Amino acid sequence: MANCRRPEHTAPPEVFYNDEEAKKYSQNSRIIEIQTQMSERAVELLSLPEGQPCYLLDVGCGSGLSGDYLSEEGHYWVGIDISTSMLDVALDREVEGDLLVGDMGQRMPFRPGTFDGCISISALQWLCNADKRTHSPPKRLYTFFSTLYSSLSRGSRAVFQLYPENSEQLELITTQAMRAGFSGGMVVDYPNSSKAKKFFLCLFAGVSGVLPKVRKEILYWLLYCAKYNVKFLGLPFRVWEPKLQTEQCRFKNMKGKSAKKGKDWIMEKKERRRRQGRNVRPDTKYTARQRRPHF
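What counts and how
Residues numbered from 1 in each chain as written. Predicted model: local features only at pLDDT ≥ 70, side-chain atom pairs only at ≥ 80, totals over all residues. Heavy atoms only, no water. UniProt positions renumbered as here; feature names shortened; annotations may be inferred. Salt bridge = Lys/Arg side-chain N within 4 Å of Asp/Glu carboxyl O. Helix = DSSP H or I, 4+ residues; strand = E, 2+ residues; numbered from the N terminus. Buried < 20%, exposed > 50% of the residue type's maximum accessible area, 1.4 Å probe, protein only. 1 Å grid on protein atoms, 1.4 Å probe; cavity = no way out; pocket = protein on both sides within 12 Å on 5 of 7 lines; lining within 4 Å. Points joined across faces, edges and corners; volume = space filled by probe spheres on them. Nonpolar A, V, L, I, M, F, W, Y, C, P; charged D, E, K, R; others polar. Core = buried A, V, L, I, M, F, W, Y, C linked by side-chain atoms within 4.5 Å. Contact = heavy atoms within 4.5 Å. Phe/Tyr/Trp six-rings, centres within 6.5 Å; stacked < 30°, edge-to-face > 60°. Lys NZ or Arg CZ within 6 Å of the ring centre and 35° of its normal. Axes fitted to C-alpha atoms, helices over the stretch in contact; angles between N-to-C directions. Parallel < 35°, antiparallel > 145°, perpendicular 65-115°, else oblique. Left-handed = near helix turned anticlockwise from the far one by under 90°.

If you look the protein up in an unreviewed UniProt entry, it shows as 18S rRNA (guanine-N(7))-methyltransferase from Neogobius melanostomus. Looking at the protein in UniProt, the text filed under Subunit (unreviewed entry) is "Heterodimer with TRMT112; this heterodimerization is necessary for the metabolic stability and activity of the catalytic subunit BUD23. Interacts with GRIP1." Its UniProt record, at the heading Sequence similarities (unreviewed entry), says of the protein: "Belongs to the class I-like SAM-binding methyltransferase superfamily. BUD23/WBSCR22 family."

If you want it as C-alpha coordinates, here you go:
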(Lines give C-alpha, C1' and ligand atoms only; values in the text may rest on other atoms or scores of the structure.)
Protein backbone atom coordinates (compact mmCIF):
# COMPACT_ATOMS: atom_id res chain seq x y z
CA MET A 1 0.00 0.00 0.00
CA ALA A 2 1.39 3.37 -0.96
CA ASN A 3 2.38 5.70 1.83
CA CYS A 4 -0.04 8.42 0.70
CA ARG A 5 -2.96 6.04 1.16
CA ARG A 6 -2.14 4.98 4.70
CA PRO A 7 -4.25 6.83 7.29
CA GLU A 8 -1.39 7.08 9.80
CA HIS A 9 0.61 9.08 7.21
CA THR A 10 -2.22 11.56 6.77
CA ALA A 11 -2.76 12.87 10.30
CA PRO A 12 -2.66 11.77 13.96
CA PRO A 13 -5.50 9.37 14.88
CA GLU A 14 -7.40 11.95 16.97
CA VAL A 15 -7.38 14.24 13.91
CA PHE A 16 -7.90 11.68 11.14
CA TYR A 17 -10.91 10.07 12.84
CA ASN A 18 -13.04 13.21 12.93
CA ASP A 19 -16.83 13.39 12.93
CA GLU A 20 -17.05 12.73 9.18
CA GLU A 21 -14.76 9.71 9.26
CA ALA A 22 -16.42 8.34 12.42
CA LYS A 23 -19.85 8.28 10.75
CA LYS A 24 -18.58 5.73 8.22
CA TYR A 25 -18.17 3.20 11.03
CA SER A 26 -21.89 3.35 11.78
CA GLN A 27 -23.27 3.77 8.25
CA ASN A 28 -20.96 1.92 5.85
CA SER A 29 -22.09 -1.71 5.70
CA ARG A 30 -18.81 -2.86 4.13
CA ILE A 31 -16.71 -1.41 6.97
CA ILE A 32 -19.06 -2.92 9.55
CA GLU A 33 -18.81 -6.35 7.91
CA ILE A 34 -14.99 -6.30 7.75
CA GLN A 35 -14.65 -5.08 11.34
CA THR A 36 -16.99 -7.81 12.56
CA GLN A 37 -15.09 -10.53 10.68
CA MET A 38 -11.72 -9.40 12.06
CA SER A 39 -13.16 -9.20 15.57
CA GLU A 40 -14.50 -12.72 15.25
CA ARG A 41 -11.09 -13.97 14.15
CA ALA A 42 -9.33 -12.13 16.99
CA VAL A 43 -11.64 -13.67 19.59
CA GLU A 44 -11.06 -17.09 18.03
CA LEU A 45 -7.29 -16.66 18.44
CA LEU A 46 -7.78 -15.68 22.09
CA SER A 47 -8.92 -19.26 22.78
CA LEU A 48 -11.21 -18.21 25.60
CA PRO A 49 -12.91 -20.93 27.68
CA GLU A 50 -16.20 -21.97 26.10
CA GLY A 51 -19.41 -21.01 27.83
CA GLN A 52 -17.64 -18.75 30.31
CA PRO A 53 -18.00 -14.93 30.15
CA CYS A 54 -14.68 -13.07 30.31
CA TYR A 55 -13.63 -9.52 31.03
CA LEU A 56 -11.81 -8.20 27.94
CA LEU A 57 -10.03 -5.04 26.84
CA ASP A 58 -10.59 -3.55 23.38
CA VAL A 59 -7.67 -1.26 22.46
CA GLY A 60 -8.59 1.24 19.77
CA CYS A 61 -12.26 0.35 20.17
CA GLY A 62 -13.46 3.20 17.92
CA SER A 63 -17.21 3.17 17.40
CA GLY A 64 -17.62 -0.11 19.30
CA LEU A 65 -18.04 -2.51 16.38
CA SER A 66 -15.61 -4.99 17.94
CA GLY A 67 -17.34 -4.56 21.28
CA ASP A 68 -20.66 -5.48 19.71
CA TYR A 69 -19.26 -8.87 18.76
CA LEU A 70 -17.81 -9.33 22.26
CA SER A 71 -21.23 -8.60 23.75
CA GLU A 72 -22.89 -11.06 21.38
CA GLU A 73 -20.48 -13.73 22.61
CA GLY A 74 -21.51 -13.01 26.20
CA HIS A 75 -18.32 -11.21 27.31
CA TYR A 76 -17.90 -8.00 29.28
CA TRP A 77 -15.49 -5.42 27.91
CA VAL A 78 -13.83 -2.04 28.28
CA GLY A 79 -12.87 0.01 25.25
CA ILE A 80 -10.16 2.66 25.03
CA ASP A 81 -9.62 5.04 22.10
CA ILE A 82 -7.92 8.37 21.48
CA SER A 83 -10.63 9.72 19.12
CA THR A 84 -13.51 11.42 20.91
CA SER A 85 -15.49 11.48 17.65
CA MET A 86 -15.36 7.69 17.40
CA LEU A 87 -16.33 7.31 21.05
CA ASP A 88 -19.28 9.68 20.51
CA VAL A 89 -20.52 7.35 17.78
CA ALA A 90 -20.14 4.42 20.17
CA LEU A 91 -22.22 6.28 22.77
CA ASP A 92 -24.90 7.06 20.18
CA ARG A 93 -24.98 3.36 19.28
CA GLU A 94 -25.48 2.53 22.97
CA VAL A 95 -22.79 -0.14 23.14
CA GLU A 96 -22.77 -2.31 26.25
CA GLY A 97 -19.09 -1.87 27.16
CA ASP A 98 -17.45 0.85 29.20
CA LEU A 99 -15.61 3.51 27.18
CA LEU A 100 -12.45 5.42 28.02
CA VAL A 101 -10.56 8.22 26.24
CA GLY A 102 -6.84 7.55 26.22
CA ASP A 103 -3.61 7.35 24.22
CA MET A 104 -2.34 3.79 24.25
CA GLY A 105 1.20 5.09 23.66
CA GLN A 106 1.22 6.71 27.10
CA ARG A 107 0.08 3.79 29.24
CA MET A 108 -2.82 1.48 30.04
CA PRO A 109 -4.48 2.93 33.18
CA PHE A 110 -5.68 -0.34 34.70
CA ARG A 111 -4.87 -2.37 37.79
CA PRO A 112 -2.65 -5.45 37.46
CA GLY A 113 -4.43 -8.62 36.39
CA THR A 114 -7.68 -6.84 35.51
CA PHE A 115 -8.46 -8.46 32.15
CA ASP A 116 -8.81 -12.02 30.87
CA GLY A 117 -7.70 -11.02 27.39
CA CYS A 118 -7.24 -8.17 24.94
CA ILE A 119 -8.11 -7.56 21.29
CA SER A 120 -7.24 -4.67 19.00
CA ILE A 121 -8.39 -4.11 15.42
CA SER A 122 -6.37 -1.87 13.06
CA ALA A 123 -4.81 0.26 15.79
CA LEU A 124 -1.33 -0.96 16.69
CA GLN A 125 0.42 0.37 13.56
CA TRP A 126 -0.40 3.94 14.64
CA LEU A 127 2.24 3.67 17.39
CA CYS A 128 4.97 3.22 14.78
CA ASN A 129 4.65 6.86 13.71
CA ALA A 130 5.92 9.95 15.54
CA ASP A 131 3.15 12.56 15.38
CA LYS A 132 5.01 14.94 17.71
CA ARG A 133 8.65 15.82 18.32
CA THR A 134 8.43 14.22 21.75
CA HIS A 135 7.11 10.93 20.34
CA SER A 136 9.53 8.01 20.14
CA PRO A 137 7.88 4.93 18.56
CA PRO A 138 10.08 2.37 20.40
CA LYS A 139 9.43 4.04 23.76
CA ARG A 140 5.69 4.40 23.14
CA LEU A 141 5.41 0.77 22.04
CA TYR A 142 7.33 -0.44 25.08
CA THR A 143 5.20 1.70 27.41
CA PHE A 144 2.05 0.29 25.86
CA PHE A 145 3.14 -3.35 25.94
CA SER A 146 4.61 -3.21 29.46
CA THR A 147 1.50 -1.64 31.01
CA LEU A 148 -0.76 -3.97 28.99
CA TYR A 149 1.22 -6.97 30.24
CA SER A 150 0.62 -5.81 33.80
CA SER A 151 -3.11 -5.35 33.28
CA LEU A 152 -3.60 -8.88 31.90
CA SER A 153 -4.04 -11.93 34.11
CA ARG A 154 -1.26 -14.50 33.82
CA GLY A 155 -1.89 -17.07 31.11
CA SER A 156 -4.16 -14.75 29.12
CA ARG A 157 -3.62 -13.58 25.55
CA ALA A 158 -3.69 -10.40 23.50
CA VAL A 159 -4.49 -10.46 19.78
CA PHE A 160 -3.75 -7.48 17.54
CA GLN A 161 -4.97 -7.20 13.96
CA LEU A 162 -2.67 -4.75 12.22
CA TYR A 163 -1.57 -3.45 8.84
CA PRO A 164 2.25 -3.37 8.95
CA GLU A 165 3.91 -1.08 6.44
CA ASN A 166 7.06 -3.20 6.11
CA SER A 167 9.17 -5.82 7.87
CA GLU A 168 10.97 -3.12 9.88
CA GLN A 169 7.68 -2.16 11.54
CA LEU A 170 7.00 -5.80 12.41
CA GLU A 171 10.46 -6.14 13.92
CA LEU A 172 10.00 -2.94 15.93
CA ILE A 173 6.64 -4.09 17.30
CA THR A 174 7.68 -7.65 18.17
CA THR A 175 10.95 -6.51 19.76
CA GLN A 176 9.20 -4.13 22.14
CA ALA A 177 6.53 -6.73 22.96
CA MET A 178 9.24 -9.26 23.84
CA ARG A 179 11.06 -6.68 25.98
CA ALA A 180 7.84 -6.11 27.92
CA GLY A 181 7.63 -9.81 28.83
CA PHE A 182 5.29 -11.18 26.16
CA SER A 183 5.89 -14.30 24.11
CA GLY A 184 3.96 -15.08 20.97
CA GLY A 185 4.10 -14.72 17.22
CA MET A 186 2.48 -13.71 13.97
CA VAL A 187 -0.49 -15.36 12.27
CA VAL A 188 -1.17 -14.49 8.62
CA ASP A 189 -4.57 -15.35 7.15
CA TYR A 190 -4.90 -15.70 3.37
CA PRO A 191 -1.16 -15.05 2.74
CA ASN A 192 -1.44 -15.42 -1.04
CA SER A 193 -4.14 -12.77 -1.41
CA SER A 194 -3.17 -9.11 -1.76
CA LYS A 195 -6.57 -7.85 -0.53
CA ALA A 196 -7.74 -10.51 1.93
CA LYS A 197 -4.37 -10.95 3.68
CA LYS A 198 -4.65 -10.19 7.40
CA PHE A 199 -1.89 -10.00 10.02
CA PHE A 200 -2.64 -11.00 13.61
CA LEU A 201 -0.04 -10.58 16.34
CA CYS A 202 -0.81 -13.13 19.09
CA LEU A 203 0.87 -12.48 22.43
CA PHE A 204 0.91 -14.59 25.59
CA ALA A 205 1.10 -13.02 29.05
CA GLY A 206 2.85 -15.76 30.97
CA VAL A 207 2.62 -19.48 30.26
CA SER A 208 0.01 -20.69 27.80
CA GLY A 209 0.14 -24.33 26.73
CA VAL A 210 -2.69 -24.61 24.20
CA LEU A 211 -2.37 -23.48 20.61
CA PRO A 212 -5.30 -21.55 19.11
CA LYS A 213 -7.44 -23.09 16.39
CA VAL A 214 -5.55 -22.64 13.14
CA ARG A 215 -7.11 -22.32 9.68
CA LYS A 216 -5.76 -23.96 6.55
CA GLU A 217 -5.17 -20.54 4.99
CA ILE A 218 -2.62 -19.57 7.64
CA LEU A 219 0.95 -19.60 6.34
CA TYR A 220 2.94 -18.66 9.40
CA TRP A 221 2.66 -19.55 13.05
CA LEU A 222 6.09 -18.50 14.24
CA LEU A 223 6.58 -18.05 17.95
CA TYR A 224 9.74 -16.88 19.60
CA CYS A 225 9.51 -18.27 23.13
CA ALA A 226 11.49 -21.52 22.73
CA LYS A 227 15.18 -22.10 22.02
CA TYR A 228 15.66 -22.50 18.29
CA ASN A 229 15.87 -19.43 16.02
CA VAL A 230 13.74 -19.22 12.87
CA LYS A 231 13.81 -16.29 10.43
CA PHE A 232 10.61 -14.79 8.94
CA LEU A 233 10.89 -11.49 7.03
CA GLY A 234 14.19 -11.02 8.84
CA LEU A 235 12.54 -11.14 12.26
CA PRO A 236 14.03 -13.02 15.23
CA PHE A 237 11.03 -15.26 15.78
CA ARG A 238 11.42 -18.59 17.53
CA VAL A 239 9.43 -21.79 17.37
CA TRP A 240 7.17 -22.40 20.35
CA GLU A 241 6.69 -25.91 21.71
CA PRO A 242 3.81 -26.28 24.20
CA LYS A 243 5.10 -29.47 25.87
CA LEU A 244 8.15 -29.69 28.08
CA GLN A 245 11.04 -31.49 26.45
CA THR A 246 12.56 -34.61 27.98
CA GLU A 247 16.34 -34.95 28.28
CA GLN A 248 16.39 -37.34 25.33
CA CYS A 249 14.45 -34.96 23.07
CA ARG A 250 16.56 -32.00 24.17
CA PHE A 251 19.83 -33.69 23.21
CA LYS A 252 18.29 -34.99 19.98
CA ASN A 253 17.40 -31.47 18.87
CA MET A 254 20.83 -29.93 19.50
CA LYS A 255 21.61 -29.82 15.75
CA GLY A 256 24.33 -32.49 15.87
CA LYS A 257 26.14 -31.19 18.95
CA SER A 258 27.39 -33.67 21.51
CA ALA A 259 25.79 -33.86 24.93
CA LYS A 260 27.52 -31.51 27.35
CA LYS A 261 30.07 -33.17 29.68
CA GLY A 262 29.93 -36.37 27.63
CA LYS A 263 33.08 -38.01 26.19
CA ASP A 264 32.52 -36.68 22.66
CA TRP A 265 31.96 -33.17 24.03
CA ILE A 266 35.19 -33.31 26.06
CA MET A 267 37.22 -34.64 23.11
CA GLU A 268 35.85 -31.89 20.84
CA LYS A 269 36.70 -29.26 23.45
CA LYS A 270 40.26 -30.55 23.85
CA GLU A 271 40.78 -30.62 20.09
CA ARG A 272 39.43 -27.09 19.79
CA ARG A 273 41.85 -25.86 22.47
CA ARG A 274 44.77 -27.57 20.71
CA ARG A 275 43.90 -25.68 17.51
CA GLN A 276 43.93 -22.48 19.55
CA GLY A 277 47.51 -23.21 20.64
CA ARG A 278 46.72 -23.91 24.28
CA ASN A 279 48.41 -26.50 26.49
CA VAL A 280 46.16 -29.57 26.66
CA ARG A 281 46.88 -32.83 28.47
CA PRO A 282 47.33 -35.84 26.21
CA ASP A 283 44.44 -38.27 25.70
CA THR A 284 44.53 -41.47 27.73
CA LYS A 285 42.17 -44.32 28.53
CA TYR A 286 41.10 -42.33 31.57
CA THR A 287 40.00 -39.28 29.55
CA ALA A 288 36.31 -38.40 30.17
CA ARG A 289 35.73 -41.52 32.24
CA GLN A 290 32.81 -41.48 34.67
CA ARG A 291 33.99 -41.23 38.25
CA ARG A 292 32.20 -42.39 41.36
CA PRO A 293 30.33 -39.66 43.23
CA HIS A 294 32.06 -38.13 46.25
CA PHE A 295 30.23 -37.94 49.56
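Still more ground to cover, so stick around.
A.B. asks: Talk me through the pattern of salt bridges; I want residue IDs and the actual numbers.
C.D. replies: Per the counting criterion, the structure on display carries 9 salt bridges. Two residues, Arg 140 and Asp 103, come together in a salt bridge whose shortest N-O distance is 3.2 Å. Taken together, the positions of Arg 140 in helix 6 (residues 137–151) and Asp 103 in the loop between strand 3 (98–101) and strand 4 (115–121) put the pair 37 residues apart, joining distant regions of the chain. For the pair formed by Arg 140 and Asp 103, the shared burial category is buried. Through salt bridges with shared partners, a single ionic network connects Lys 270, Glu 271, Arg 274 and Asp 283.

A.B. asks: Quick rundown of the layout of surface pockets? Include the residues and the values.
C.D. replies: Estimates place the volume of the second largest pocket at around 460 Å³. Lining the second largest pocket are 30 residues, with Pro 13, Gly 60, Asp 81, Ile 82 and Ala 123 positioned closest to its centre. Where the lining of the second largest pocket is concerned, the elements lending two or more residues are helix 1 (13–16), helix 4 (65–72) and strand 2 (76–81). Grouping the amino acids of the lining of the second largest pocket by side-chain chemistry returns 15 nonpolar, 9 polar and 6 charged.

A.B. asks: Any details on the nonpolar core? Residues and values, ideally.
C.D. replies: For soluble globular proteins, nonpolar side chains are generally found buried alongside one another. Core analysis: the largest hydrophobic core is formed by 33 residues, its most contacted members being Leu 57, Leu 124, Phe 144, Phe 145, Leu 148 and Phe 182. Elements represented by at least two residues in this core include exactly strand 1 (55–59), strand 2, strand 4, helix 6, strand 5 (152–162), helix 7 (167–179), strand 6 (183–189) and strand 7 (198–205). No other element matches the 5 residues that helix 6 contributes to this core. If we ignore the near neighbours within four places in the chain, the residues touching Leu 148 are Leu 57, Met 108, Cys 118, Ala 158, Phe 160 and Phe 182.

A.B. asks: Give a description of the packing of aromatic side chains that names residues and reports values.
C.D. replies: One pass over the full model with this rule turns up 10 aromatic pairs. A centroid spacing of 5.2 Å and a plane angle of 50° characterise the contact between Phe 144 and Phe 145, whose relative ring orientation is tilted. With respect to class, Phe 144 is no different from Phe 145; both count as buried. An aromatic cluster of at least three residues, connected via ring pairs, comprises Phe 144, Phe 145, Tyr 149, Phe 160 and Phe 182. For Arg 179, the ring lying beneath its charged end belongs to Tyr 142, and the centroid distance is 4.2 Å.

A.B. asks: Tell me what's going on with the packing of helix 6 against helix 7, and back it up with residues and numbers.
C.D. replies: Put simply, helix 6 and helix 7 touch, their axes get as near as 8 Å, and they point 45° apart. With respect to helix 7, the axis of helix 6 lies oblique. Viewed along their axes, helix 6 and helix 7 form a crossing whose handedness is right-handed. Listed contacts from helix 7 to Pro 137, Pro 138, Leu 141, Tyr 142 and Phe 145 of helix 6 are Leu 172, Ile 173, Gln 176, Ala 177 and Arg 179. For the contact of helix 6 with helix 7, the per-class residue count stands at 8 nonpolar, 1 polar and 1 charged.

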